[in-house]
Amino acid sequence: MKRNVFLSTMLGLSIFLGATAQGFATAEVKAEPVQPVFAKVNGEVIYQGAYETALRVGGRQRFYHGKAPEADLVAFRREVAERLIEEKVLYQEALRLEMTPDQAWIDKEFSKIEKRYSVSPQWHESGEALQQEIRNGLVERSLIQQLDQAYKSVPAPAEEEVRAYYRESPDKFTSPEQIRVSTILLKVEPWQPKDVWDDTKSRVEQIHAELSAGADFDTFAAQYPPEDKSQMGYIHRGMLGDSAQVAIDQLKEGEHTEPVTLLGGIAIFRLHERREARLNPFEKVRERATALLSRKQSAQLYRERITALMSSASVEFTNPQYYEVASVGVLQDSAHLRANKKKE
């Protein structure tokens, strides 16, 4: 199951998943004797209200620009459900491993939520019950974060592994081609009229003719330097833009280009030196190779652990076609309330 960065942020920082979202669910349906069940995960309930709250919070961020195509909404509903289920399974595993929540982090995050959502009528109407449920959700989030870290923990790769990775992935340790150029740039603002550009082009063509006749390039380069000093000296391919790079690619060392029109003016480039791409020696990149391999092994082991955990989970949906149900409204925080007041 794919762990989506957006959903991880949305559900993690907003804390509207698991017990937290169920706190809003409790507040919204407390008059009813029985809350609708969205799904059961290893026998534990995720309420419909929790799922709908996660949809509201996530949908507001994902589709802030307006109504999304139905296919995108269906995919998003599945995404939210999968994330809620995965979080529930991870929480259950953290409890089984007897992990301890980080109380300092919980207090800090609760203060953030209180500041943001205390303007919502639901916050005041729900009272202590909602706030306790939010704290319960933060406990859950803290335990999940700790399990995440434990699952990502891998021993440092052995020397032989790092060397093998270096040999198998030379592109990661190859310095790109470098060129050393000098630039003559007559600046023109993009918004300036055509006659200004035409006058500048005529002047650059005159300079080009003088260079071809033997004039000193450095003299003109000192008079018309590039605004971006990173474009002087050794630079990597692509730093000058496509049109300039194409022109420079045709040069031999010591030659200069024809006038090249850029976004901010018209330029002439001279190629001094071309350094071919080269593989860095292992000793120079040992630390980076070790870090990259460690990150790769961590991600692979983490995914294997999550996959194994999820494959052994029992998941039952009350409505297996839940993703076809239309989205619900939006829970408003202080920023949205202020925006709505401005509209009024």
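Conventions and cut-offs
- Residues numbered from 1 in each chain as written.
- Predicted model: local features only at pLDDT ≥ 70, side-chain atom pairs only at ≥ 80, totals over all residues.
- Heavy atoms only, no water.
- Phe/Tyr/Trp six-rings, centres within 6.5 Å; stacked < 30°, edge-to-face > 60°.
- Helix = DSSP H or I, 4+ residues; strand = E, 2+ residues; numbered from the N terminus.
- Buried < 20%, exposed > 50% of the residue type's maximum accessible area, 1.4 Å probe, protein only.
- Lys NZ or Arg CZ within 6 Å of the ring centre and 35° of its normal.
- pLDDT = per-residue confidence, 0-100.
- Contact = heavy atoms within 4.5 Å.
- Core = buried A, V, L, I, M, F, W, Y, C linked by side-chain atoms within 4.5 Å.
- Pairing = 2+ DSSP bridges.

Description of the packing of aromatic side chains
Inspection of every chain in the model, using the stated rule, returns ten aromatic pairs. Look at Tyr151 and Tyr302: their rings are 6.5 Å apart centre to centre, the planes differ by 70°, and that puts the pair in the edge-to-face class. Linking Tyr151 in helix α6 (residues 121-152) with Tyr302 in helix α11 (residues 282-311), this pair joins segments that are 151 residues apart in sequence. There is no split in this pair, since Tyr151 and Tyr302 are both buried. Here the aromatic residues Phe38, Tyr51, Phe317 and Tyr322 are joined through ring pairs into a cluster of three or more. The side chain of Arg135 reaches across the aromatic face of Phe110, ending 4.1 Å from its centre. Cation over ring: Lys152 sits above Tyr302, and NZ or CZ is 5.2 Å from the ring centre.

Description of the confidence of the model for the protein
Put simply, the protein has an average pLDDT of 83, and 83% of its residues get 70 or more. For the protein, the element scoring lowest by mean pLDDT is helix α1 (residues 5-14), at 42; helix α7 (residues 159-168) scores highest, at 96. Here residues 1-32 is modelled with pLDDT under 50, and outside its nearest four sequence neighbours on either side it reaches 91 contacts, counting other chains as well.

Let's talk about the nonpolar core
Core analysis: the largest hydrophobic core is formed by 31 residues, its most contacted members being Phe38, Ile46, Tyr51, Val80 and Val89. Contributions of two or more residues to this core are made by β1 (37-41), α3 (48-62), α4 (70-96), α6 and α11. Tallying contributions element by element places α4 first for this core, with ten residues.

Examining the pairing of β1
Looking along a regular strand, one sees the side chains alternate between the two faces of the sheet. Here four bridges tie β1 to strand β2 (residues 44-47), and the two strands are oriented antiparallel to one another. Of the residues in β2, the one forming a bridge with Ala39 is Ile46. Linking β1 back to β2 in an antiparallel pair, the connection comprises two residues, with Asn42 at a positive phi of about 55°. Examined bridge by bridge, β1 and strand β9 (residues 315-317) share three bridges and lie antiparallel to one another. Looking at β9, one finds that Val41 is bridged to Val315.

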